[in-house]
Amino acid sequence: MDTTISQDSESTIWTNIDFSKLGKQIGTLNLPYSPDDDAYGFIPIPIAVINGGDGPTVLMTGGVHGDEYEGPIVLNDLIRTLQPEKVKVDLELTRFDGHRIVKSRRSHQCQESTTPSRHTRRNFASK
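Owing to the predicted nature of the structure, the values given are computational and were not obtained by experimental measurement.

J.: Break down the overall build of the protein for me, with residues and values.
T.: In terms of helices and strands, the protein carries two helices and eight strands. Counting every position in the protein, which comprises 127 residues, the buried fraction comes to 26%. Residue pairs in contact within the protein that sit at least 24 positions apart in sequence constitute 52% of those at least 6 positions apart. When the accessible surface of the protein is totalled, it reaches about 8,700 Å², and 55% of it is carbon and sulfur.

J.: Tell me about the packing of aromatic side chains, residues and numbers included.
T.: The full count for this structure, using the stated rule, is one aromatic pair. With 5.2 Å between their ring centres and 65° between their planes, W14 and F42 make a pair best called edge-to-face. Taken together, the residues W14 in strand β2 (residues 14-15) and F42 in strand β4 (residues 42-51) connect sequence positions 28 residues apart. Classification of W14 as partly exposed rests on a relative accessible area of 24%.

J.: Describe the side chain of T94, naming the residues involved and giving the relevant values.
T.: Locating T94 in the fold gives a position in strand β6 (residues 90-95). Apart from residues lying up to four places away in sequence, T94 is in contact with I45, P46, I47, L59, M60, T61, G62 and L75.

J.: Go over the nonpolar core, please, and point to the residues and values.
T.: Residues A48, I50, L75, I79, V87, L91 and L93 constitute the largest nonpolar core, which totals seven residues. Those elements that provide at least two residues to this core are β4, α1 (70-81) and β6. Here A48 is in contact with Q25, I26, I79, L91, E92 and L93, once residues within four sequence places are set aside. Core analysis: the second largest hydrophobic core is formed by six residues, I43, I45, I47 and V49 among them.

Cut-offs used in this document
- Residues numbered from 1 in each chain as written.
- Predicted model: local features only at pLDDT ≥ 70, side-chain atom pairs only at ≥ 80, totals over all residues.
- Heavy atoms only, no water.
- Helix = DSSP H or I, 4+ residues; strand = E, 2+ residues; numbered from the N terminus.
- Buried < 20%, exposed > 50% of the residue type's maximum accessible area, 1.4 Å probe, protein only.
- Contact = heavy atoms within 4.5 Å.
- Areas by Shrake-Rupley, 256 points an atom, 1.4 Å probe, with all protein chains shown as cover.
- Phe/Tyr/Trp six-rings, centres within 6.5 Å; stacked < 30°, edge-to-face > 60°.
- Core = buried A, V, L, I, M, F, W, Y, C linked by side-chain atoms within 4.5 Å.

Written as structure tokens, this is what we have:
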């Protein structure tokens, strides 16, 4: 059964995940996307929900920048190893590695440059 994310908002994203259900669920958030060759397309965003009971909701993401592979790898390990009975929060893990930005292997931080290298990766953490 596919449901929309929130009944309170007018979200167009749908999923088969029941966010209130206890246990571990794996599915996708389906983001509508209409490329020129498909009027009814969507981008599936992988998501896992590990709900161990009453507690805060924690959202963990990986692969946001497209050229960083460590985040999705760590999330996959967490999804495989964490058991709901050991988790005291509602843990939501999502990977963006299926998204077009990862397929192009470019970060959104790549920008045009006048240097010989046409794209410069700006990593402020390494300065």
